[in-house]
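Each chain is listed here by its residues.
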Amino acid sequence: MELSINGKLVTIADNGDSRPLVLVLRDELNMTGTKFGCGAGICGACTVHVDGVATRACQTPVNQLAGKSITTIEGLSLADGSLHPLQQAFIEHQVPQCGWCMSGQIMTAAALLAVNANPSRADIVTAMDTNYCRCGTYHRIRNAVAHAASLKNPVTE
Amino acid sequence: MKNPSLRWKISRRGFLVGVGTTVAVVAVGWVAGKNSLRLAISNMAEGTEKAITRGAPPATPMQWLSISADNILTVHVQKIEMGQGILTALAQIAAEELSLPWENVRIVMDPTGSPVQDPNGTGNSESVVSHYLPLRNAAATLRDMLAAAAATQLNVPVAALKNTPTGFVTDSGVARTYGAIVAAHTAEWVVPETAPVLKETSAFSLIGTSQKRLDIPAKVTGTAVYGHDVRLPNMTWGVVARPRIIGAVIASVDPKNAATMPGVVAIVNEDSFVGVVAETKAQAQTALLTMDIQWKLPDTLVTQAAIDAATTVDPATGVEIQRDGDALAALESAKTVYTREFRTPMAVHAHLEPQASVVDVRPDGVDAWVSTQVPAGMASAIAEALNREAANVTVHPVYLGGGFGRRLDADLGIEAARLSAAAQRPVAIAWSRADEFHNGFVRPPTHHVMRGSLAPDGTIEALSHHQASGDVLLTIFPAAVGTFLGWDIGAVRGAKWYYTANAGRLMTAQRVQLPIATSFWRGLGLLANGFAIESFIDELAEKAGIDPLTFRMQNLPDTEFGTRMKATLNAVSTLANWNSGPPEGHAYGLACSADAGTCVAQIADVSIVDGAVRVHHVYAAIDCGLVINPDGVVAQTEGGIMMGVSSTLIEALTVVDGAFSASNFDAYPLLRNNQAPDISVVIVPSTAAPGGMGEPPIGPIAGAIANAVYRLTGSRPQTLPIEIQAK
């Protein structure tokens, strides 16, 4: 079967099974930017976009993804290769520590900013509440997402 | 893996190091008697004069440092980056003596067998502590060697060369970069016979600055490679049969038709070790499930009640770790003795990247990529398991998706090695979250009995702390060590009294051998001991009728440590406006602790929201001695606080029906973003040597929150996680 990942059609084995997207990405396509954390849809480390919506790749069977558009952290950078405003902001605020949750954090935040260009503090906390960070960078994540929103929407006064 | 830029021809003489780098030799006489020896070892483990250089220094600076023709300095270390920012800090230290611009600096984690030898691994908050002077000396020695080579090349005396940020320049203005000097040097490099002159700290241009972390760009683009991400050509997947019931061992195995199932490459069934190798993870799992594996359960299932009962202080059996004056006599004769007990539960590390290893066993050698904090130890363990020479095994460091003490067990690499030896192909083992919960090891439970008395003026008269804890450090030593010592150095991190040199002080440690795997967890005993000590000191302050900050100030000693801690407390009090207090309806709680040469003080701003403890803001002051990277210090402080808030409010692992109570985060949740406080950190200027940063900030947080909760509810929390009792 074919999957549309980061704008490219990719052929994967059609085993007629419902193997989760996270394992197809990581183990079959060697796209290891999407991380495995709990396999139960709780921690958010495997968050990708399916048709622009933040989605848990560990809870998403590939046989439900025909015709849908999947975006992973590898496809988040802009067309010219420059970093997404969130990636810039996460560097600027020196957010990651171990970094394992960061692909998921950034994909969750990117889905938020796509539908809410000027999120309030409460909007950011609500959206980012779905993603664990064991290193405890929550406070920097909030600041970086707010900063990225400002980068994306330069104030014109 | 070779280092292409590391092509030095060198003499074999070791380089000399400058001031202060010592390998302390602590001679302890066996004739001194068992108790004195125990006290001596305790002092060695926790003393301020702790040896800081461990492992052999390199024979030449070139084993740690290489410079390419385009003037890029590459620092080679075997410290493991697990989020603590260690690579960036070590690169700053190394580049300082060469005065190189930050853009010219790289750092790599070298594999075992490379010239970098680091038998100690990464932990104990001591990477900066142990590398600070040796790395500077290596870099300064290299600078002097480059100066000598430049002098020869330019035909001028060394004295005529001036050091610039990129190399040297002669009096007449002829400049040579370090890279050009290296490229033009064809003779053998000669290591100087004199120790180099190190920069004055006032001349530092990199140390003490918040350089951006070198590992972060790869971590926001998904390109950083962790143990779980290693993919090799021809790689297979392994799964291992693991028990769910604690203490269960394999009794019998009927492999059924597993060997002929789709994709199966090899099956290993020997010495109570059963594993399957297949082309995909799912095929391996399916084949393992097909096998009929019977487990022999322990005669008695482990119960939480038995763990709690065993982890209970018996004052008669504790070993004296600290004894100043006669605390027991003072408590005996005191008019009023205050007593309080505390308990902390088992907890898991919950590093978000589960354990992983990829091992390729070939006749000519073994290559292993393992999620480990200890590459050298892992290489030895794999070699031993395969009955090969250690030099035959190369462990390649990988980024760790969190460590927190969990990445220390050797089984991880050994299992993949055994499967790879059978499959004759590279094998990856990637643990699931359930594997982590049931087959890892846990933070040991603790019990603390605190007693204290006050003099008429409100100062402390006597203190005792009896602690019972599951093993931490002893789990890595031969059983005889534990039997001889009778107490665990790791369990008593932060357990000794640091208040008042004038009072009688007693601390005893009681070793509890539990039927569960307990070991290292961030800070070892620090979180539990900080909770007990700082809660109890707060209670004594209240009994004395003295403000908690003033009481701590009055009872800290006038030593160098006490002076640093008082300055740290003052700094946090200013940061949080302690005297003005928190917002309406909130309470402030104060606590402090010292660990790894670092003083930390924290104030938690807490309220009760819908019957639950809510930590709004944590203010922290930290004196970690000389600071390498201020933002790195702030980040580690934030991280320690968040992990501590999670432990204080949420986390507890128990045993139910002979197994750990959780298989995933649904039954063992972690702190989430909406529960995470804002954090403000102030670094206290300090002239002390660099202290540790990875663990110390977790020391005060439970006490700070508990003390705030007491002010809100009138009930003093005695167990973690804190549960609210109505006022």
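Residues numbered from 1 in each chain as written. Chains lettered and ligands numbered in written order. Predicted model: local features only at pLDDT ≥ 70, side-chain atom pairs only at ≥ 80, totals over all residues. Heavy atoms only, no water.

> Explain the overall build of chain B to me, please; I cannot follow it from the model alone.
Per the secondary structure count, chain B includes 17 helices and 26 strands. The C-alpha radius of gyration of chain B comes to 27 Å, within 12% of the 27 Å expected for a compact globule of 727 residues. The C-alpha extent of chain B, read off along each of the three principal axes, is 80 × 75 × 60 Å. Across the 727 residues of chain B, 60% fall into the buried class. (Helix = DSSP H or I, 4+ residues; strand = E, 2+ residues; numbered from the N terminus. Rg over C-alpha atoms; globule rule 2.2 N^0.38 Å. Buried < 20%, exposed > 50% of the residue type's maximum accessible area, 1.4 Å probe, protein only.)

> How should the environment of A:Asp123 be read in this particular structure?
Residues and elements named next belong to chain A. By secondary structure assignment, the location of Asp 123 is in helix α4 (residues 121-128). Residue Asp 123 is classed as partly exposed on the basis of its relative accessible area of 31%. The spacing of Asp 123 and Ala 146 is 23 residues in sequence and 10.0 Å in space, taken between C-alpha atoms. Not counting the four nearest positions on each side in its chain, Asp 123 is found in contact with Leu 112 and Asn 116. (Contact = heavy atoms within 4.5 Å.)

> When you look at the domain arrangement of chain B in this model, what are you seeing that I'm missing?
The extent of an interface is frequently quoted as the accessible surface area lost upon association of the parts. Residue and element names in this part refer to chain B. When its domains are assigned, chain B resolves into domain 1 (57-218), domain 2 (227-296 + 355-429) and domain 3 (304-347 + 442-713). Computed from C-alpha coordinates alone, the two centres of domain 1 and domain 3 are separated by 39 Å. Contacts between the two partners involve 19 residues from domain 1 and, on the opposite side, 16 residues from domain 3. Approximately 1,100 Å² of surface area, both sides summed, lies buried where domain 1 meets domain 3, with 58% of it carried by carbon and sulfur atoms. The tally of links between domain 1 and domain 3 comes to 0 salt bridges. The set of elements that each furnish at least two residues to the side of domain 1 that touches domain 3 consists of α2 (86-96) and α3 (127-154). With 4 residues, α2 is the single largest residue contributor to the side of domain 1 that touches domain 3. Split into classes, the residues belonging to the side of domain 1 that touches domain 3 amount to 8 nonpolar, 11 polar and no charged. (Domains from an automatic or database assignment. Buried area = accessible area lost by both parts, 1.4 Å probe. Salt bridge = Lys/Arg side-chain N within 4 Å of Asp/Glu carboxyl O. Nonpolar A, V, L, I, M, F, W, Y, C, P; charged D, E, K, R; others polar.)

> I keep staring at the packing of aromatic side chains and nothing clicks. Help me out?
Between two aromatic rings, the relevant description is the distance of the centres plus the angle of the planes. Taken as a whole and assessed by the stated rule, the structure comprises 12 aromatic pairs over all chains. Ring centres of B:Tyr498 and B:Tyr499 lie 4.9 Å apart, and the angle between their planes is 40 degrees; on these two criteria the pair is classed as tilted. Each member of the aromatic cluster is reached from another via a ring pair, and the members are A:Tyr132, B:Phe437, B:Phe665 and B:Tyr668. Here B:Arg242 stacks its cationic end above the ring of B:Trp431, 4.2 Å away from the centre of that ring. (Phe/Tyr/Trp six-rings, centres within 6.5 Å; stacked < 30°, edge-to-face > 60°. Lys NZ or Arg CZ within 6 Å of the ring centre and 35° of its normal.)

> Help me understand the interface of chain B and chain A, please; the structure alone is not making it clear to me.
Counting from both sides, the interface comprises 57 residues of chain B and, opposite them, 46 residues of chain A. Summed over the shared surface of chain B and chain A, the number is 9 salt bridges. With a shortest N-O distance of 2.5 Å, B:Asp229 and A:Lys35 are connected by a salt bridge. Where chain B touches chain A, the interface holds 34 residue pairs in polar contact (both at pLDDT 80 or more). Where the side of chain B that touches chain A is concerned, the elements lending two or more residues are α5 (216-220), α16 (630-649) and β26 (678-683) of chain B. At 9 residues, the largest contribution of residues to the side of chain B that touches chain A is made by α16(B). (Polar contact = N/O pair within 3.5 Å; in protein donor to acceptor, adjacent residues only side chain to side chain.)

> Mind showing me how you'd approach the confidence of the model for chain B here?
Parts of the prediction with low pLDDT should not have their coordinates interpreted in detail. Across chain B, the average pLDDT comes to 90, with 91% of residues at or above 70. Confidence drops under pLDDT 50 across residues 1-56 of chain B; counting only partners more than four residues distant or on other chains, this segment forms 111 contacts. (pLDDT = per-residue confidence, 0-100.)

> Hey, could you run me through the nonpolar core in this one?
Taken as a class, soluble globular proteins show a tendency for nonpolar side chains to be buried jointly. Formed by 188 residues in total, the largest nonpolar core has its most connected members in A:Phe90, A:Val145, B:Leu146, B:Phe665 and B:Ile705. Excluding its chain neighbours within four sequence positions, the residues that come into contact with A:Phe90 are A:Val95, A:Pro96, A:Met102, A:Gln105, A:Ile106, A:Ile141, A:Ala144, A:Val145, B:Ile216 and B:Val220. In this structure, B:Val359, B:Val361, B:Val370 and B:Ala417 belong to the second largest nonpolar core, which totals 25 residues. (Core = buried A, V, L, I, M, F, W, Y, C linked by side-chain atoms within 4.5 Å.)

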